[in-house]
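An overview of the molecular structure
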Amino acid sequence: LGGGALPAGCTALPCCLHPELKATIIEITGLYKPGVDDRTVKPPGTTKNSGYVAGYISSDDKGRIFTNRGLDGKWSKDKQYIELTVHIDVTPTACPLPPGTKVKWTIEDPDDPTNEPSSVHPDTGRLLDPNDYTGAVKTGANANDNNPRGKATAIAHLEEVEPKYALSGSETLVDPATLRSVVRFHVSDVTADNYRVKAQGVHPDVTVSTPAQTGIMTVWDRIEIEYVKMLSASELPVDQIAPHYDLACVQVDVSEKREVGGSADMPQMDTTDALAYAACDAYSRSAGGQFSHEGQGGWFFMASANRFMPARTAAILYEGNAEANGDRVRLPAGVVLSGIPKVVRVFNPARIGGIAPPKPNDYDIHIKFTITARSGRNLILQPHDFHAVDNPDHSFLDADLSHYGFTAGATIPIQVMSAGDEALVTAGISPGGADVGGKHYFGGKLLIFTKTLVGSQVIKTLCHELCHAFDNAHKCGNWDWENKTVRTSCCMNYWFQFVLDDASPRAPILWTQNRQSAGMCGPHIVSIRDYHLEDNPGLGW
Ligand SMILES: [Zn+2]
Ligand SMILES: [Zn+2]
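Calculation rules
- Residues numbered from 1 in each chain as written.
- Chains lettered and ligands numbered in written order.
- Predicted model: local features only at pLDDT ≥ 70, side-chain atom pairs only at ≥ 80, totals over all residues.
- Heavy atoms only, no water.
- Buried < 20%, exposed > 50% of the residue type's maximum accessible area, 1.4 Å probe, protein only.
- Helix = DSSP H or I, 4+ residues; strand = E, 2+ residues; numbered from the N terminus.
- Contact = heavy atoms within 4.5 Å.
- Pairing = 2+ DSSP bridges.
- Donors = N, O, S within 2.8 Å, 3.2 Å for Na, K, Ca; no water.
- Polar contact = N/O pair within 3.5 Å; in protein donor to acceptor, adjacent residues only side chain to side chain.

What about helix 2 (residues 273-283)?
- Buried within helix 2 we find Ala 276, Ala 279, Cys 280, Asp 281 and Tyr 283.
- For helix 2, the elements touching its buried residues are strand 16 (217-230), strand 17 (250-260), strand 18 (299-305), strand 27 (428-429) and strand 30 (445-449).

Listed below in structure tokens is the structure:
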């Protein structure tokens, strides 16, 4: 200091030699606050589940940093980062910033809090956040748990933004003109990894320096859906989708909606399985179809359609007892079927007392199998296949009547159904994708057939097909993530299959059919957290 008056707050000259510093984080770009739709135009039937808010530093611990996005929120493959601006106040206020003052940045890895609520079943909790558990028992809420399964391909690090904020080690220069410093912070690329960043002014002459810190900021994926609704099909519950992907830390935004008529509004996709599948594939392409964003990073396709194939009504061809025999049902001698048998319903003997024939199509009291062939009195059944979440091509269990608790020769109450039974009716489909090296990769496309679904079946089917879009196999046989007295099962199950236990090998838990929710199981959730959609050949991003 030169001569003249002392700075305000100064009682003796040396005070400016040892000023106090106080840091304030004033801006984080690339960080999004959930529950904020920051679009200027919000078309009906669309959603956006987080937005940019000036000055938001995740004080609510809910801030999202998106994978594969630039600071403007647009797709940017393999980029996931924010920029933090800190302001340094000097006290006494009239003192200049000591030349060469820097900001020291500290990165913390807080506990993953998603397994903490009592609503999360411990079996799911210890998949989400394994370092909180000793065996099956929750023993803590421990920090330093990012990248729990080692699937991250990006490493958190700081980057210099411009020379006036020069980065050396974990410190950046403060610009004396603005009293600010800025740093770019790159995060990992598996979702649910989380961070807290601290900033503190540092200078050799400064002894008192108050740091600032962000709240917890978490890595999320963000998916945009192009939603196409056939004019004569029903509206899909777009506003119900996002919460089911919160535990996976994926923000699912229905960004565009378009209603289509004319030849794009089809009563059914086609008249045979093969033709209908081909029509779904064609419908969900950009060339000649409706998916205008096909192949563009971050975009999925979802269509509300009417039917996969024309409606048919199933008839009961036989009702009564039969003999279980592994993968076949043996009809009593003399039974004449009045049509071609396609499905066998097998009733729970404990649940049909007093029910007069014909027994109702009540999902709580029966399971069912597709009939693949008939040999005299024997109806050959297609076993129920169960799959690891990452293996759509090979099942780990093909369960027949013997796995389901019916010993060979046991008498079972059945109905034999003709074609048209809803077990054979496709309610949703995930066309497209790619087969590479003997593995199928799903393609981020789903069609929901609204004329074949009622009530809560719509959101369950939608969540099932959407889970496929994240390149997951179905029929996991798992309970969902939720902890409750009567458990529900993962949306990826088919209603007419049983849930499996956790023994080795896994076995069906009898009469646990028809328990699916719209939620996912722990293995499907962590599969989505760890997955690198940007590398999926089925998507071509
Ligand atoms: Zn499926
Ligand atoms: Zn599952």
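Considerations on the sheet that holds strand 12 (residues 180-186)
- Taken in spatial order, the five strands of this open sheet run 9-12-5-1-14, and their pairing is mixed. Only two strands of the sheet have a single partner each, and these edge strands are strand 9 (157-160) and strand 14 (209-210).

Some details on the coordination of the zinc ion (ligand 1)
- Taken together, the protein ligands of the zinc ion (ligand 1) are His 464 (NE2), His 468 (NE2) and His 474 (ND1), with distances of 2.0 to 2.1 Å.
- Sequence positions of the residues that donate to the zinc ion (ligand 1) give the spacing H-x3-H-x5-H. Both residues of the pair, His 468 and His 474, count as buried.

Looking at the environment of His 440
- Along the polypeptide, His 440 turns up in strand 29 (residues 439-441).
- Of the residues examined, His 440 reaches a relative accessible area of 16% and is grouped as buried.
- Once residues within four sequence positions are removed from consideration, His 440 is found in contact with Pro 392, Asp 393, Gly 432, Gly 433, Ala 434, Asp 435 and Asp 471.
- Side-chain polar atoms of His 440 contact the side chain of Asp 435, separated by 3.0 Å.

A short note on the side chain of Asn 68
- As for its placement among the helices and strands, Asn 68 is situated in the loop between strand 4 (63-66) and strand 5 (81-91).
- A polar contact of 2.7 Å, which involves the side chain of Asn 68, links it to the backbone nitrogen of Asp 78.
- In this structure Asn 68 touches Lys 74, Trp 75, Ser 76, Lys 77, Asp 78, Lys 79, Gln 80 and Glu 534, once residues within four positions along its chain are discounted.

Quick notes on the pairing of strand 18
- The buried fraction of strand 18 amounts to seven of the seven residues, a majority that puts the element mostly inside the structure.
- The two faces of strand 18 match: Trp 299, Phe 301, Ala 303 and Ala 305 on one face and Phe 300, Met 302 and Ser 304 on the other face are all buried.
- Inspection of the sheet shows strand 16 paired to strand 18 by six bridges, in the parallel sense. When the bridges of strand 18 are listed, Ile 225 appears paired with Phe 300.
- Bridge count between strand 18 and strand 30: five bridges; the pairing is parallel. Opposite Phe 301, over in strand 30, you have Lys 445 as the bridge partner.

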